[in-house]
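Structural characterization, general
Given next are the chains, with one letter for each unit.
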There are 2 protein chains.
Amino acid sequence: MQREEFLTSMRHLAASVSIISAKDSGGKPYAMTASSVTSLSMEPPSILVCVNKSAGIHKALSLGGGLCINILSKHQVDIANLCSSKDQENARFENNDWDNSELPFLKEAQSNIFCKIDQIIEYHTHSIVITKVVKAISVNSFNTLMYADGGYLD
Amino acid sequence: MQREEFLTSMRHLAASVSIISAKDSGGKPYAMTASSVTSLSMEPPSILVCVNKSAGIHKALSLGGGLCINILSKHQVDIANLCSSKDQENARFENNDWDNSELPFLKEAQSNIFCKIDQIIEYHTHSIVITKVVKAISVNSFNTLMYADGGYLD
């Protein structure tokens, strides 16, 4: 199998754009843009997300710890870009987009889904992080930012 | 947490529509519409999909066995509906949409991703099926069918 073959097929896999956010044990906040967020079960309400082990946020993820999945609105392209830029990793919270009072979450997202990490399954370069949903806040109208074919969709 | 709260947030999680297909050990083909398909790693090229244990296809999934992930094009709403209808479970292959010569795959999909099942991880009602990609065939233009907010997106 050619690497290019796989990448081409993955360009056809469209997904919402989310930012996942967490704090480490010292209270330092982390955030990362992710498209590999998938609902898992209704019983219990659960979601999984795949996280590269080299991502900064990975070390802030632990069993029983909190994780917020922020599904982005179309107007949140700037924060999506900021939270996927390695160069700007330390600047991800230097803006007014966040509520950092407890588990950090993005204001004005489509949904903020507050989760508790239930299992972390390692698979080569990535961890599959399985979370139970504790609470979810959503806006009323659907206007989710989506990514496919190498860019954001209109 | 209210069940309704979770469901509302999941309406904001947009995704491609795929049909996964496989054969059991007796050669009987199975197919199921799925939106919980997510790329996992580039090293090795791998994808995961969450499958309800009560789905017919679940019993055809085994370690080392084949699974095809067919990412649908926008014109494939009919087959998406057929492969998500429990009532029509036995009619899913009674059409000309399939190539059944080996591992069944959908003709005219955006991509046909041929996989080998590497791990099956049970989580309550569902199994997380981790697959290594063996081969992928894609059409050139992006025209993926997407689902969110309780319906297909235009």
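Residues numbered from 1 in each chain as written. Chains lettered and ligands numbered in written order. Predicted model: local features only at pLDDT ≥ 70, side-chain atom pairs only at ≥ 80, totals over all residues.

To continue, consider the interface of chain B and chain A. With 44 residues of chain B at the contact, the number on the chain A side is 44 residues. The set of elements that each furnish at least two residues to the side of chain B that touches chain A consists of helix H1 (3-11), strand E1 (15-16), strand E4 (37-42), strand E5 (45-52), strand E9 (111-123), strand E10 (126-138) and strand E11 (146-148) of chain B. At 8 residues, E10 of chain B tops the list of elements feeding residues into the side of chain B that touches chain A. (Contact = placed C-beta atoms within 7 Å. Helix = DSSP H or I, 4+ residues; strand = E, 2+ residues; numbered from the N terminus.)

Turning our attention to the confidence of the model for chain A. When pLDDT is averaged along chain A, the result is 97; 100% of the residues meet or exceed 70. Scored by ipTM, the complex comes to 0.96, with pTM at 0.97. (pLDDT = per-residue confidence, 0-100.)

Here the focus is the sheet that holds E10 of chain B. The strand order across the open sheet built from 7 strands is E3-E2-E6-E9-E10-E5-E4 (chain B), with neighbouring strands paired in antiparallel fashion. The sheet terminates laterally at strand E3 (29-34) and E4 of chain B, the two strands that pair on one side only. Shown here is a sheet whose adjacent strand axes are inclined to one another by a mean of 30 degrees, direction ignored. Across the sheet, helix H1 (residues 3-11) of chain A is in contact with E4, E5, E9 and E10 of chain B; its angle to E10 of chain B comes to roughly 115 degrees. (Pairing = 2+ DSSP bridges. Axes fitted to C-alpha atoms, helices over the stretch in contact; angles between N-to-C directions.)

This part takes up the sheet that holds strand E6 (residues 66-71) of chain A. The strand order across the open sheet formed by 7 strands is E3-E2-E6-E9-E10-E5-E4 (chain A), and the pairing between neighbours is antiparallel. Edge strands, defined here as strands with exactly one partner in the open sheet, are strand E3 (29-34) and strand E4 (37-42) of chain A. Direction aside, neighbouring strands of the sheet carry axes that sit 30 degrees apart on average. Seen against the sheet, H1 of chain B touches E4, strand E5 (45-52), strand E9 (111-123) and strand E10 (126-138) of chain A and runs at an angle of roughly 115 degrees to E10 of chain A.

On a regular strand, one side chain projects to one face of the sheet and the next to the other, so that they alternate. All names here are of chain A. Direction of pairing for E5 relative to E10: antiparallel, over a ladder of 7 bridges. Following the sheet pairing, Leu-48 is matched in E10 by Ile-130. In terms of strand pairing, E9 meets E10 through 12 bridges, oriented antiparallel. Within the sheet, the bridge partner assigned to Ile-120 lies in E10 and is Val-129. Counting the residues between successive antiparallel strands, the hairpin from E9 to E10 contains 2 residues, one of them, His-124, with a positive phi of roughly 50 degrees.

Turning our eyes to something else, we now look at the relation of the copies chain B and chain A. With an axial shift of 0.0 Å and an RMSD of 0.0 Å, the rotation relating chain B to chain A amounts to 180 degrees. In symmetry terms, the pair is related by a two-fold rotation axis. Measuring from the rotation axis to each C-alpha of chain B, the shortest distance belongs to Ala-15 of chain B, at 2.3 Å. Take the interface residues of chain B: 100% of them recur as interface residues in chain A, which is what a same-surface contact looks like. (Least-squares fit on C-alpha atoms with pLDDT ≥ 70 in both.)

Turning to unusual backbone geometry, a few remarks are in order. For the peptide bond that leads from Glu-43 of chain A to Pro-44 of chain A, omega is 5 degrees, which places it in the cis range. Examined against the element boundaries, Pro-44 of chain A turns out to sit in the loop between E4 and E5. Non-glycine residue Glu-108 of chain A carries a positive phi angle of around 65 degrees. As for its placement among the helices and strands, Glu-108 of chain A is situated in the loop between strand E8 (105-106) and E9. If you check the backbone angles, Asp-149 of chain B has positive phi at about 55 degrees while not being a glycine. The class for Asp-149 of chain B is partly exposed, based on 15 C-beta atoms found within 10 Å. (Buried ≥ 20, exposed ≤ 12 C-beta atoms within 10 Å, placed from the backbone.)

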